[in-house]
Amino acid sequence: MQCVQLWLGKGYKQLSSSSAALVKTPQNSRSMSEFAEVAEKIIQNINSAFEKDDSIDEFDIVPRESRANRSPVIHHHHEHKLALESWCLGFVYTHSFRNFTLLRAASVHNSNTSEVFHSDSNEFFTHKNNNVDYTQFTECERRERSLQLTRILILLNPDLTAAWNFRRDAFRHGHLKLKDELQLVTLVTTRKPKCSEGFYYRRWLVRESFHKDGFNVEQSLNFFQNEAKAALQAASKYFSNYHAWDYRLFLLETWILHKDVPGNIKQEILTLEKQITDTWLNSHISDYCGYHYRQKLLHYIVISQLSIEKNKELFQSEVQCNRDMLIFYPGHESLWYHRKFLVKQYIKLLHNDDTQDDLGFFLENELTLVEEVKSKHCHSEGSDDKYKNVGVNTPINECIQLNRTYAVRYLRWFKISIE
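Being a predicted model, the structure only gives us computed values, none of them experimental. (Residues numbered from 1 in each chain as written. Predicted model: local features only at pLDDT ≥ 70, side-chain atom pairs only at ≥ 80, totals over all residues. Heavy atoms only, no water.)

Engineer: Hey, could you run me through the overall build of the protein in this one?
Structural biologist: A tally of regular secondary structure across the protein gives 16 helices and seven strands. Counting the 419 residues in the protein, one finds 46% classified as buried. Considering only intrachain contacts with a sequence separation of at least 6, the fraction spanning at least 24 residues in the protein is 65%. Entry remark: accessible area of the protein is about 22,000 Å², with carbon and sulfur atoms responsible for 50%. (Helix = DSSP H or I, 4+ residues; strand = E, 2+ residues; numbered from the N terminus. Buried < 20%, exposed > 50% of the residue type's maximum accessible area, 1.4 Å probe, protein only. Contact = heavy atoms within 4.5 Å. Areas by Shrake-Rupley, 256 points an atom, 1.4 Å probe, with all protein chains shown as cover.)

Spelled out as structure tokens, the structure:
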């Protein structure tokens, strides 16, 4: 029979079956016990990696079959990278989840004084593979064990709400540090950048830390920049990452609307965010989540400036930049949707300023833009090369035709808007 070698610290034990078959045959108590032993060793190695290296910034699953005399935990200490080989995921996750469930049940059992739990019910809370009776653990021991297991569970399956909720409770009672929890969420988003549970937890951490510790003005700008950077990294790994941009918007509104944040810090945040999104939008033209964030950012910039002239200059620059991109990068519907927002806001500013000449000139320029797009038949060689650099594989002639279609739709919307 084909043998599967399982790593057990000092070497390997050979099991006379495949790992998949053993997972499916729980009646084989010897095999399940050995799998539990392997899973415990792997969990210990992962926890050891976190203890030795508090700067781990990336986690992933490596598709690989089991290898003799090698741990499936891959930790590059100098590069602060952590990975786990795929062959052990099934039984490590199952073992971790089973133990976490037993730990939670044991905690409830010990805190419940009713007669529902009989004296012989401790057998239910005993892990049958390693004879661990969690009801005999102290509350501190159960908590530490649960924190280790929830970290494993979250790394392997970040959609497990129960694990996040346990860590919420532990953080609320002061058993976890903010820095460590933010690092854990960052690790999750390196593997699953669109993990909604991770961003919900991150948002909760920020709110809870402000509620507990108050708003530290001296550290507020650095904290904002670090969190905004984490959100941008996640957005860079997944196209139209709504959760990452929504978290960044949450950060922006938390700092801009907070009464304890000094005006100079608010202004610096707005300036930095404008510069960062300028760079982002130039290289992610089709990502409308970034444009939506930009629109919210412009809204707060307009409120902060309190000057119609400055706001007019701001939107003139935005409209002109958008016009250039529409011509230079045809076929991106997100640019046209963004232009609708810009035009609508700019017309409002012109109405408030009561400058009919500027309004008439602007309306004429919009009609000219549509005609220019509709009449475009070719693309210059230099701009075509640059267009390909944005990562779109659609043929250039097809993009130009799409741009004409979008221009016609925009013109229809524009005429309705100014009536």
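Engineer: I would appreciate a short explanation of helix H5 (residues 161–172) in the present structure.
Structural biologist: Think of an α-helix as 3.6 residues a turn; residues three or four steps apart then line up on the same face. For H5, built from twelve residues, the straight-helix expectation of 16 Å at 1.5 Å per residue is met to within 8% by its first-to-last C-alpha distance of 16 Å. Two residues or fewer past H5, Gly 174 is found with a positive phi of approximately 80 degrees. (Expected span 1.5 Å × (residues − 1).)

Engineer: Before we go on, may I ask you to explain the packing of helix H11 (residues 288–305) against helix H12 (residues 308–328) in this structure?
Structural biologist: The packing of two helices is summarised by the inter-axis angle and the distance between the axes. Where H11 meets H12, the closest approach of the two axes is 9 Å, and the angle between their N-to-C directions is 160 degrees. What the angle tells us is that H11 and H12 run roughly antiparallel. Every residue of H12 that contacts H11 at Tyr 291, Arg 294, Leu 298, Ile 301, Val 302 and Gln 305 is listed here: Lys 310, Asn 311, Leu 314, Phe 315, Glu 318 and Met 325. Of the residues assigned to the contact of H11 with H12, the class counts are seven nonpolar, two polar and three charged. (Axes fitted to C-alpha atoms, helices over the stretch in contact; angles between N-to-C directions. Parallel < 35°, antiparallel > 145°, perpendicular 65-115°, else oblique. Nonpolar A, V, L, I, M, F, W, Y, C, P; charged D, E, K, R; others polar.)

Engineer: I keep staring at the packing of helix H6 (residues 178–191) against helix H7 (residues 196–213) and nothing clicks. Help me out?
Structural biologist: Between H6 and H7, the least distance of the axes is 10 Å, while the angle of their chain directions is 165 degrees. Comparing the axis directions of H6 and H7 gives the class roughly antiparallel. In the crossing of H6 with H7, the sense of the turn from one axis to the other is left-handed. Residues Leu 178, Glu 181, Leu 182, Val 185, Thr 186 and Thr 189 of H6 form the contact with H7, whose own contacting residues are Gly 198, Phe 199, Tyr 201, Arg 202, Leu 205 and Ser 209. Looking at the contact of H6 with H7, its residues break down into six nonpolar, four polar and two charged. (Left-handed = near helix turned anticlockwise from the far one by under 90°.)

Engineer: Where do I start with the packing of aromatic side chains in this structure?
Structural biologist: Geometry of an aromatic ring pair is reported as the spacing of the ring centres plus the angle between the planes. Per the stated rule, a full pass over the model turns up 23 aromatic pairs. An angle of 10 degrees between the planes, with centres 6.1 Å apart, marks the rings of Tyr 201 and Trp 204 as stacked. Separated by three residues within a single helix, Tyr 201 and Trp 204 lie in helix H7, roughly one turn from each other. Trp 204 matches Tyr 201 in its accessibility class, with the two residues each being buried. When the centroid spacing of 5.4 Å and the interplanar angle of 40 degrees are considered together, the rings of Trp 245 and Tyr 293 count as tilted. Residue Trp 245 is found in helix H9 (residues 242–257), and its partner Tyr 293 is found in helix H11; the two are separated by 48 residues along the sequence. Here Trp 245 and Tyr 293 have matching classes, each one buried. In textbook terms, an aromatic cluster arises when at least three aromatic residues are bridged by ring pairs, as seen for Trp 164, Phe 171, Tyr 201 and Trp 204. Above the face of the Phe 50 ring, Arg 151 is positioned so that its terminal group lies 4.2 Å from the ring centre. (Phe/Tyr/Trp six-rings, centres within 6.5 Å; stacked < 30°, edge-to-face > 60°. Lys NZ or Arg CZ within 6 Å of the ring centre and 35° of its normal.)

Engineer: How should I be thinking about the nonpolar core in this particular structure?
Structural biologist: One recurring pattern in soluble globular proteins: nonpolar side chains tend to sit buried together. In terms of nonpolar packing, the biggest core is built from 105 residues, with Ile 42, Leu 84, Phe 91, Val 92, Leu 252 and Trp 255 touching the most fellow members. The contacts of Leu 252, once residues within four sequence positions are left out, are Phe 224, Ile 269, Leu 270, Glu 273, Tyr 293, Leu 297 and Tyr 300. (Core = buried A, V, L, I, M, F, W, Y, C linked by side-chain atoms within 4.5 Å.)

Engineer: Would you mind showing me how to read unusual backbone geometry here?
Structural biologist: Most peptide bonds are trans, and most residues other than glycine sit at a negative phi. The backbone of His 80 sits at a positive phi, close to 60 degrees, despite the residue not being glycine. Locating His 80 in the fold gives a position in the loop between strand S4 (73–76) and strand S5 (81–85). Overall, His 80 belongs to the partly exposed group, its relative accessible area being 26%. Positive phi, close to 55 degrees, is recorded for Ser 240, a residue that is not glycine. Of note, Ser 240 is situated in the loop between helix H8 (217–237) and H9.

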